[in-house]
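Chains, contacts and geometry: an overview
Residues per chain are reported as follows:
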Amino acid sequence: MSQALDEIKIGGLGASRKRVEDSRFIRGKGNYTDDITLPGMLHMEILRSPLAHARIKSIDTSKAWDIPGVHLVLTGEMMATRNLAWMPTLSYDTQAVLATDKVRFQGQEVACVIADDPYIAKDACEAIDVDYEPLPVIVNPRQAVADGAPVIRDDKESQAGNVIYDWEVGDKAGTDRAFEQADLVSKLQLHYPRSHPSPIECCGSIADFNRATSKLTVYMTTQAPHIIRAAVALVAELPEHMIRIISPDIGGGFGNKVPVYPGYVCSILASILLERPVKWIEDKSGNLISTGFARDVYLDGEMALRRDGKILGVRIHTDADHGAFFSDAQPSKFKIGLMHSAFAAYDIPAAHLTARGTYTNKAPGGVAYRCSFRVTEAMFFQERMVQAAADDLGMDQAEFRRMNFVRDEDFPHRTPFGFLTDSGQYAKCLDVGLKAIDYEEFRREQAEARKRGRLLGLGISTMTEPLGAGNSREYDILGIKMFDSAELKVHMTGKAIVRTGAKTQGQGHETTWAQIVSHELGIPADDIVVEEGDTDTAPFGMGTYASRSTPVAGAAVAMVSRKIRAKARKLAAHLLEVSEEDVEWELGRFYVRSAPDRGVTIQECAMAAYSNMPDGMEPGLENTAYYDPPNLTWPFAVYIVTVEVDPETGVWDVLKMVAVDDCGVRINPMIVEGQIMGGLTEAYAMANMQFITFDADGNCVGSNYMDYLLPSAWETPGFELHSEVVTPCPHHPIGAKGIGECAAVGGPAAFVNAVIDALDGTGVRNIDMPLLPDRVWEAITYRRDVSGAPPVRADD
Ligand code: CDP
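Residues numbered from 1 in each chain as written. Predicted model: local features only at pLDDT ≥ 70, side-chain atom pairs only at ≥ 80, totals over all residues. Heavy atoms only, no water.

One open sheet holds the five strands; their spatial order is β9-β17-β16-β15-β10, and the pairing between them is mixed. Only two strands of the sheet have a single neighbouring strand rather than two, namely β9 (163-170) and β10 (184-195). Along the sheet, successive strands turn relative to each other by an average axial angle of 10°, direction set aside. Both β9 and strand β17 (residues 350-358) contribute to a ladder of seven bridges, which runs antiparallel. In the strand pairing of β17, Glu168 is matched with Thr354. Where helix α7 (residues 172-181) meets the sheet, it contacts β9, β10, β15 (294-305), β16 (311-321) and β17, and its direction lies at approximately 120° from that of β16. (Pairing = 2+ DSSP bridges. Helix = DSSP H or I, 4+ residues; strand = E, 2+ residues; numbered from the N terminus. Axes fitted to C-alpha atoms, helices over the stretch in contact; angles between N-to-C directions. Contact = heavy atoms within 4.5 Å.)

Structure representation (structure tokens):
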């Protein structure tokens with residue numbers, strides 16, 4: 001039997017093994033933070049600001065203290081006595097834990113009550129009397145930089161205005177030259193609206209400080225437990241070895257559970273003060289109104305074009321709205337994340353990006369929602385700009401892309417912003433997609449339909465995403481280098497446990513890491529248990545976000561398995577009484593090269609590691625690998641969608657969507673398909689329905705699921721997935737590239753491009769997401785672009 005078939009049998013690489021974690025989830029036996037109850041546990045609730053910008057004149061907590069069952073009322077003033085009123089963020093800023101001087105966004109944490117139960121705590125929050133003096137409010141970057149704008153962060157001596165950073169990357173002079181040589185310059189302006197990861201499970205923590213042992217254990221919803229342990233050690237000045245962070249089952253993260261939230265810090269301090277466990281579970285509106293928002297960036301760019309369709313250069317300017325605190329995590333070298341991954345799939349000689357970040361009176365934003373640090377915005381702009389340029393040139397959408405793609409033979413390729421992409425078959429993916437959508441036939445149908453007044457459209461989007469930060473030379477968060485780790489222990493009976501520094505939140509690591517070990521060692525996947533999320537047991541790692549798990553932690557799993565195999569080979573040579581050089585490996589078994597029938601299984605080697613090792617060999621079969629990737633992995637995808645737009649109502653329906661994803665070697669094809677379907681669903685939601693914005697007074701519109709819509713199976717269209725293009729990653733030990741985010745990153749532009757294509761001939765270049773029926777109707781009726789940018793005051 002071939003190795004591939006053997007692997008499928010034992011659940012190795014390429015097996016669509018059913019997710020092992022699901023057996024507890026579908027039985028209701030998951031163990032989420034809110035499922036945990038500790039003896040003597042108290043409950044914490046947070047009082048949030050109703051105003052977006054106001055000075056705090058006084059906080060009267062006396063009535064709250066008087067309520068029976070209340071144990072503690074925390075305010076910023078009390079936090080300040082412990083130097084905890086402010087905390088550092090993951091982007092070198094500071095963030096108020098509980099407000100002292102001012103509130104800076106609606107929903108900001110002002111006080112906490114710890115009580116016998118959450119209802120008493122909530123009532124006591126309502127009994128707190130805060131006297132606010134309202135201040136002028138800023139809700140977008142244009143207002144933030146206007147003359148005379150109030151300074152939001154007047155707590156920072158160095159902060160004269162509201163600009164957080166002005167940053168640039170690329171070749172300005174070369175790009176200027178490209179524009180001088182251009183036959184045509186195509187321009188596009190758009191706003192990628194605020195969106196919210198809105199995981200089904202909200203954020204929460206249970207802090208349990210034990211005075212007798214001096215140990216602090218915190219169960220919490222974090223995607224990066226080791227980073228939290230370091231942050232708690234530094235912020236609360238507790239010894240790191242006395243802190244244990246346990247991230248139990250997580251009901252979705254999508255980047256929302258990376259930042260450190262005030263609720264975590266307050267529950268920890270409360271537990272230390274009260275010497276009892278303190279649980280904080282955020283409610284839905286708390287989650288939607290105050291935790292990590294994403295996007296909210298204005299993109300303005302232009303493309304220098306030659307008449308024959310060659311792209312000569314690109315300029316991009318971004319204005320990002322970070323809200324009141326710059327608290328999203330991203331590699332510290334890159335202020336606007338990896339926005340400069342834009343146009344990585346296209347062979348463009350010169351590009352230049354300028355980026356400005358501003359404070360506004362909104363909740364902290366810019367988190368990497370299912371995205372490798374702003375790549376979603378980058379790919380969205382890229383594919384919207386490419387469509388606009390092809391239209392301006394009067395060229396076919398597909399052909400324009402094909403002629404500008406990086407060709408297969410051009411790898412490794414240096415992108416115009418300096419990344420090194422190493423592999424891909426871009427034109428082949430496009431061909432598969434065009435065939436699947438029946439491109440020529442659809443164009444004919446579209447022309448026919450138009451004659452009868454029907455508006456059909458086709459949108460193409462491609463994406464290549466830099467997944468798997470680090471390498472550690474270039475990528476760090478707060479100076480901590482980005483690498484990851486895996487520890488593998490093979491027990492004497494050949495069963496095994498693998499632990500990594502990543503943390504699954506629904507992606508299926510418990511299933512897929514076992515498959516990598518199976519592939520490397522031939523141990524059946526069912527004999528391997530995977531554990532993540534406990535800092536006392538898991539090796540140090542940077543956690544799971546930015547689809548970095550497979551590229552980094554998954555690679556570490558392969559590498560540690562290889563260390564184990566190297567030791568097992570020595571054991572096999574000892575058992576077979578031959579020299580190590582005479583031993584060959586096949587899946588799950590060593591054998592003598594000259595006598596293939598004489599062999600020992602990996603399980604027999606495991607037993608020997610504890611019972612019959614050669615003289616001088618250290619007993620046991622365990623090891624750890626820290627993996628620092630040489631480069632990012634670069635998956636590629638083509639998404640093509642066809643739509644029909646109703647000219648009377650602006651309602652649009654998806655006719656067909658095809659997705660061609662090349663993520664290199666697929667560990668578990670079924671899980672990969674699940675990731676793509678989930679991502680496309682989120683992409684559809686962003687393009688079609690998700691609306692979260694702020695009125696001129698900074699009130700959050702969309703902080704509930706009546707306004708902020710999550711698509712169900714009913715609204716979501718079907719997707720046709722294609723997996724025939726596989727370009728293994730040249731540096732990943734098993735050739736895998738990340739996949740978790742690709743569809744959410746690349747999908748939105750396909751939907752928008754399709755609707756704009758349906759409006760061909762009206763002169764409409766852009767409708768900002770979400771493409772709500774009224775916006776589409778307005779564009780059709782008045783033949784004009786429709787901006788979704790938040791309101792700006794008349795006196796701006
Ligand atoms: O970091 P995150 O887990 O969110 O993303 P990922 O590394 O792209 O992986 C998402 C899931 O897809 C994991 O269970 C992976 O093991 C699986 N996967 C796979 O089976 N094959 C790949 N080439 C990439 C991911």
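A few words on the site of the ligand. The local shell around the ligand holds 24 residues, among which Gln507, His509, Ser549, Thr550 and Ile739 are the closest. Within the backbone of Lys737, a nitrogen or oxygen atom sits 3.1 Å from a nitrogen atom of the ligand. Here an oxygen atom of the ligand and a backbone polar atom of Ile739 are 2.7 Å apart. Relative to its unbound accessible surface of 520 Å², the ligand loses 98% to contact with the protein. By residue class, the composition of the shell around the ligand is nine nonpolar, 12 polar and three charged. (Near = heavy atom within 4 Å. Polar contact = N/O pair within 3.5 Å; in protein donor to acceptor, adjacent residues only side chain to side chain. Areas by Shrake-Rupley, 256 points an atom, 1.4 Å probe, with all protein chains shown as cover. Nonpolar A, V, L, I, M, F, W, Y, C, P; charged D, E, K, R; others polar.)

What follows deals with the packing of helix α16 (residues 549-576) against helix α17 (residues 602-611). Two packed helices can be described by the angle between their axes and the distance between those axes. Across the interface, α16 lies against α17 with an axial gap of 9 Å and an inter-helix angle of 90°. With respect to each other, α16 and α17 are oriented roughly perpendicular. Listed contacts from α17 to Ala568, Leu571, Ala572 and Leu575 of α16 are Ile602, Glu604, Cys605, Ala608 and Ala609. Here the residues of the contact of α16 with α17 are counted per class, giving eight nonpolar, no polar and one charged. (Parallel < 35°, antiparallel > 145°, perpendicular 65-115°, else oblique.)

Any empty space left between the atoms is revealed when a probe the size of a water molecule rolls over them. Scanning all chains against the criterion turns up seven cavities of 30 Å³ or more. In this structure, the largest cavity spans a volume of roughly 100 Å³. Listing elements by their share of the lining of the largest cavity, those giving two or more residues are β10 and β32 (693-694). Ranked by residues supplied to the lining of the largest cavity, first place goes to β10 with three residues. Here the lining of the largest cavity is built from residues that sort into seven nonpolar, four polar and four charged. Approximately 70 Å³ is the volume attributed to the second largest cavity. Contributing to the lining of the second largest cavity are Gly255, Val258, Pro259, Ala329, Val367, Ala368, Phe373 and Tyr545. A breakdown of the residues in the lining of the second largest cavity according to their chemical character gives seven nonpolar, one polar and no charged. (1 Å grid on protein atoms, 1.4 Å probe; cavity = no way out; pocket = protein on both sides within 12 Å on 5 of 7 lines; lining within 4 Å. Points joined across faces, edges and corners; volume = space filled by probe spheres on them.)

All chains considered together, the criterion is met by zero disulfides. Here Cys371 stays unpaired: no disulfide links it, and the sulfur of Cys742, its closest cysteine neighbor, is 11 Å away. By relative accessible area, which is 1% here, Cys371 ends up buried. There is no disulfide at Cys429, and the cysteine sulfur nearest it, in Cys663, is 10 Å away. (Disulfide = S-S within 2.5 Å. Buried < 20%, exposed > 50% of the residue type's maximum accessible area, 1.4 Å probe, protein only.)

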